[in-house]
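# Coordinate inspection notes
So you can see what is in the structure, the chains are spelled out below.
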Amino acid sequence: MGFISLGCPKNLVDSEVMMGLLDRAGARLTAHPEEAEILIVNTCSFIDTAKQESVDTILEMARYKASGSAKRLIVAGCLVERYRDEIRKSIPEVDAVVGTGELESILEAAGLARPQVITVPGLFNILSGSGQAEVRPGQESRAATHKHTGDLARTVGQGFSPDIESARPAVALAPEATSRPEGDLRERQGRFSRDDWQGATHLLPTYLYDESTPRFLTTPRSSAYIKIAEGCDHPCSFCVIPNLRGKFRSRRFESVVAEARQLVARGVREITLIGQDTTCYGEDLGLKDGLATLLDALAGIEGLRWLRFLYAYPNRITGRLLETIARHDNLCKYLDVPLQHAAPSVLKRMKRGGGADIFLKTLEKVRAAVPGIALRTTFITGFPGESLRDFELLEEFIKEAKFDWLGVFGYSDEEGSGAFSLDAKVPRRTIEARKRRLMKLQQGISKRAKQQWVGRELVLLAEGESEETQLLWEGRTQFHAPEIDGKVYINDYGDLAALEPGRFYKAQITEAHEYDVVAHIRSGPL
Ligand code: SF4
């Protein structure tokens, strides 16, 4: 079986769950698509470029089906939720599709009988017998070349398409899958409407994995993600994720804690909590300050060195949450809060609210409560109606806020989103030019900030040889989330003959570049 996971860490966890289910059913992973009998692409459809990458990858894998080396091609994930019928009609090589709410259907899709329900003694006992090397999804696919540049409008053919709908097992609703009044209200307002999505199932996904679901970890040994919630009830008008992933629902508190314990027992030392909005965690379970309470419980797990959460919603950063981050040594001093814009008029059209003044106050509160905290955010340029003045306001805000890490997306006009019907669309060229301007601005801010790091002694997690040169190693500090932020390059091991990946060391920062820094190891492993 060959598995390619595209998109965000939330999709990666879904991939790991599907790989775990397949592994338990006897399938074995390979990193070489030409050796795989079954090829699975877990897709992303966040924005146009993500959709195109998904389609390109499906077509690339379809070549192995056409050449006869692969017997089955399965497409899973967000693209399926949106374009279920089109995929099956337009890419005849695709044998089956599996939506985000039907992960367990991967077994039928792969032609593997669903195993009897067995009592699982521990999450990883089953997986540890597989003898498989850990594979980073996505990397294997890049080895294969492809010539297809087509899109979903490819000619309709007569492919074998098993009826996944009727074959799909009744996916048990987790007992915790309740909803919040906010989600129910949004549903009545049509937020999750999929009626005009031809061919997409009209049932909203409700699936949640739990601690007994097998997961095949693909991240480096010492780090893992835990998805604590799924779906989203927010009304952001540029975003189709709620339509794809359903209403917000939290995993049971005990289930998350049990999974974290299992991961730590397996050797994981860094856990990153994810969800579309982690700061809503527990609201549907009747928990007050659910995320802070969960962090308190997880921080107490012996052996867990770094714990962090991503994707905070700005108006849900409570004093209790900040106080919790400040109190625990193993809670990374790191906050990822996607703000999307700073001009009040744009934020209003985005249906998010807030503005530069409010956000600056929030950031001030965060920095006062957790001194030295690293802040990450993302912005969207060229949202419909964004005037030059709105954009300049955003620039001024960025100069003042001085984020440690900043991502910029150009607005993508997504059918099914609220913003799709808005007028005053900004030309693509302007969107891209503004995106470049923000990145350039942040480059200067980041460079100056990283200069302040020189001379500091920090704990870093050694990750392995640099992808760029064997002469350097790469690592991260608590101020770097996995995969998304800059890097720490290690060019001097101090008294040590070698470093071990997944171990922590004390290091001194010796040089700073625009986003990355260079460090010398001082002592360790810790
Ligand atoms: S908070 Fe907004 S942008 Fe984020 S997933 Fe929910 S609707 Fe989309």
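The structure displayed is predicted, hence computed values, not measured ones.

## Re the overall build of the chain
Of regular secondary structure, the chain possesses 16 helices and 17 strands. Within the span of the chain, comprising 526 residues, buried residues form 57% of the whole. Here the contacts in the chain between residues at least 6 apart in sequence split such that 75% fall between residues at least 24 apart. When the accessible surface of the chain is summed, it comes to about 21,600 Å², and 51% of that surface belongs to carbon and sulfur atoms.

## What to know about unusual backbone geometry
The peptide bond linking Gly-524 to Pro-525 adopts the cis configuration, its omega dihedral lying at 0°. Secondary-structure assignment places Pro-525 in the segment after strand S17 (517-523). One non-glycine residue, Tyr-311, adopts positive backbone phi at about 65°. With respect to the helices and strands, Tyr-311 occurs in the loop between strand S9 (306-309) and helix H12 (319-327).

## Some thoughts on the packing of aromatic side chains
Considering all chains together, one arrives at nine aromatic pairs under this definition. Relative to Tyr-411, the ring of Phe-383 has its centre 5.4 Å away and its plane inclined at 80°; by these criteria the two rings are edge-to-face. Remark: Tyr-411 occurs in the loop between strand S12 (405-410) and helix H16 (428-451) and Phe-383 occurs in the loop between strand S11 (374-381) and helix H15 (388-401); sequence separation between them is 28 residues. Of the residues examined, Tyr-411 reaches a relative accessible area of 4% and is grouped as buried. With 5.9 Å between their ring centres and 70° between their planes, Trp-453 and Phe-479 make a pair best called edge-to-face.

## Some thoughts on H16
The terminal C-alpha atoms of H16, which comprises 24 residues, lie 35 Å apart, in line with the 34 Å expected from a rise of 1.5 Å per residue. If you check which residues of H16 are buried, you get Ile-431, Arg-434, Leu-438, Leu-441, Gln-442, Ile-445, Ser-446 and Lys-450. For H16, the elements touching its buried residues are S11, H15, S12, strand S16 (504-512) and S17.

## With respect to the sheet that holds S11
The three strands are arranged S10-S11-S12 in an open sheet whose pairing can be described as parallel. In this open sheet, the two strands that pair with only one neighbour each are strand S10 (334-336) and S12. Between one strand and the next, the sheet's axes are offset by a mean angle of 15°, whatever the strand orientation. Bridge analysis of S10 against S11 gives three bridges, and the strand direction is parallel. Bridge assignment links Asp-336 to a residue of S11, and that residue is Arg-376. Along the sheet, H16 makes contact with S11 and S12, crossing S12 at roughly 175°.

## Details of the sheet that holds strand S14 (residues 473-476)
Judged by pairing direction, the barrel is mixed, and its five strands sit side by side in the order S13-S14-S15-S17-S16 before closing back on the first. Strand after strand, the sheet turns through a mean of 55° between neighbouring axes, direction not considered. Note that S16 and S17 share six bridges and pair antiparallel. Looking across to S17, one finds that Ile-509 is bridged to Ala-519.

## Concerning the nonpolar core
One finds Ile-271, Leu-273 and Phe-397 to be the most contacted residues of the largest nonpolar core, which totals 124 residues. Of all the elements, helix H1 (residues 9-24) adds the most residues to this core, at seven residues. Those residues in contact with Leu-273, other than ones at most four positions away along the chain, are Ile-226, Ile-228, Thr-278, Leu-291, Leu-294, Leu-295, Leu-298, Leu-307, Arg-308, Phe-309 and Leu-310. Grouped together as the second largest cluster of nonpolar side chains are 21 residues, Ala-36, Val-55, Met-61 and Ile-87 included.

## What to know about the confidence of the model for the chain
In this model, the chain carries a mean pLDDT of 86, and residues with pLDDT of at least 70 account for 88%. Note on residues 115-176: pLDDT is under 50 here. Beyond four places in sequence and across chains, it has 137 contacts.

## Here's the deal with the side chain of Gln-276
In this structure, Gln-276 sits in the loop between strand S8 (270-274) and helix H11 (290-299). In terms of polar contacts, Gln-276 uses its side chain to reach the side chain of Lys-10, at 3.2 Å. Side chain to side chain, Gln-276 and Glu-230 meet in a polar contact 3.2 Å long. When sequence neighbours within four positions are dropped, the list of residues in contact with Gln-276 reads Lys-10, Glu-230, Gly-231, Cys-232, Ile-241, Arg-245 and Tyr-311.

The rules behind these values
Residues numbered from 1 in each chain as written. Predicted model: local features only at pLDDT ≥ 70, side-chain atom pairs only at ≥ 80, totals over all residues. Heavy atoms only, no water. Helix = DSSP H or I, 4+ residues; strand = E, 2+ residues; numbered from the N terminus. Buried < 20%, exposed > 50% of the residue type's maximum accessible area, 1.4 Å probe, protein only. Contact = heavy atoms within 4.5 Å. Areas by Shrake-Rupley, 256 points an atom, 1.4 Å probe, with all protein chains shown as cover. Phe/Tyr/Trp six-rings, centres within 6.5 Å; stacked < 30°, edge-to-face > 60°. Expected span 1.5 Å × (residues − 1). Pairing = 2+ DSSP bridges. Axes fitted to C-alpha atoms, helices over the stretch in contact; angles between N-to-C directions. Core = buried A, V, L, I, M, F, W, Y, C linked by side-chain atoms within 4.5 Å. pLDDT = per-residue confidence, 0-100. Polar contact = N/O pair within 3.5 Å; in protein donor to acceptor, adjacent residues only side chain to side chain.

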